[in-house]
Amino acid sequence: NDYAEYRQSDVTEAGRVICENGDDTLSLATERLQPGANIVSDTFGFAIGETDECKTPVAVSGRVLVYPYEDRESYKPGDAVCAAPNGTVSKMTREEICEYPERIIGIVSAIPSYETWGTGNVKVNGRIWIKVK
């Protein structure tokens, strides 16, 4: 059930958080709780919509590897995450979850201890797994 849709973005590095610009394009997240957040994926099993302009695979469902803002060992399964500086995710507080539920990108699923994942040997590179919301 992991799939992505191709979108237009100036960011193509898998695991980075990108946000809506309002003109159907996406750019790197620059601050915490930035609205319209998505994640560039390299772990999808199915993708739709690639065109000459739309070449960035954005996670739509399933799990995706993403770069954390805080120390990766501080994340626990079940933590809600939002956009953060430099295209990362940040743990949300209970207050933020209640005040900005639409800013939840996903829920932490696992903190991998392995260096590569899957038959394509996708490099984990310090990323964590989240289930896209």
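We now turn to the structure provided with this report.

Each value, and the rule that gives it
Residues numbered from 1 in each chain as written. Predicted model: local features only at pLDDT ≥ 70, side-chain atom pairs only at ≥ 80, totals over all residues. Heavy atoms only, no water. Core = buried A, V, L, I, M, F, W, Y, C linked by side-chain atoms within 4.5 Å. Buried < 20%, exposed > 50% of the residue type's maximum accessible area, 1.4 Å probe, protein only. Helix = DSSP H or I, 4+ residues; strand = E, 2+ residues; numbered from the N terminus. Contact = heavy atoms within 4.5 Å. Pairing = 2+ DSSP bridges. Axes fitted to C-alpha atoms, helices over the stretch in contact; angles between N-to-C directions. Phe/Tyr/Trp six-rings, centres within 6.5 Å; stacked < 30°, edge-to-face > 60°. Lys NZ or Arg CZ within 6 Å of the ring centre and 35° of its normal.

1. Quick look at the nonpolar core
As a rule of thumb, soluble globular proteins bury nonpolar side chains together.
Okay, step 1: Counting 16 residues, the largest nonpolar core has V17, I39, V66, V89, I105, I128 and I130 as its most contacted members.
Okay, step 2: Counting residues per element, this core draws most heavily on strand β13 (residues 128–132), which supplies three residues.
Okay, step 3: Excluding residues that lie within four positions of it along the chain, I39 makes contacts with G15, R16, V17, P57, V58, A59, V64, L65, V66, I105 and I130.
Okay, step 4: Membership of the second largest hydrophobic core comes to six residues, among which are A80, C82, M92 and I104.

2. A short note on unusual backbone geometry
Okay, step 1: Even without being a glycine, D24 presents a positive backbone phi close to 70°.
Okay, step 2: Within the element layout of this structure, D24 appears in the loop between β2 (17–20) and β3 (25–28).
Okay, step 3: At L33, a residue that is not glycine, the phi angle is positive and equals roughly 65°.
Okay, step 4: By the element assignment, L33 lies in the loop between β3 and β4 (37–39).
Okay, step 5: Exposure remark for L33: the relative accessible area of 13% places this residue in the buried category.

3. A short note on the sheet that holds strand β9 (residues 88–91)
Okay, step 1: In spatial order, the strands read β7-β13-β10-β8-β9; together these five strands make up an open sheet with antiparallel pairing. Two strands close off the open sheet at either side, each with one partner strand: β7 (63–66) and β9. Averaged over neighbouring strand pairs, the angle between their axes works out to 50° when direction is ignored.

4. Some words on the packing of aromatic side chains
Okay, step 1: Scanning the model with the defined rule gives two aromatic pairs in all.
Okay, step 2: Relative to W129, the ring of W117 lies with its centre 5.2 Å away and its plane at 70°, an arrangement referred to as edge-to-face. Here W117, found in strand β11 (residues 116–117), pairs with W129, found in strand β13; they are 12 residues apart in sequence, far enough to count as distant.
Okay, step 3: Residue class for W117 comes out partly exposed when judged on its relative accessible area of 28%.
Okay, step 4: Exposure remark for W129: the relative accessible area of 1% places this residue in the buried category.
Okay, step 5: It is R63 that lies over the ring of W129; its NZ or CZ is 4.2 Å from the centre.
Okay, step 6: Over the aromatic face of Y75 sits the side chain of K91, whose NZ or CZ is 5.4 Å from the ring centroid.

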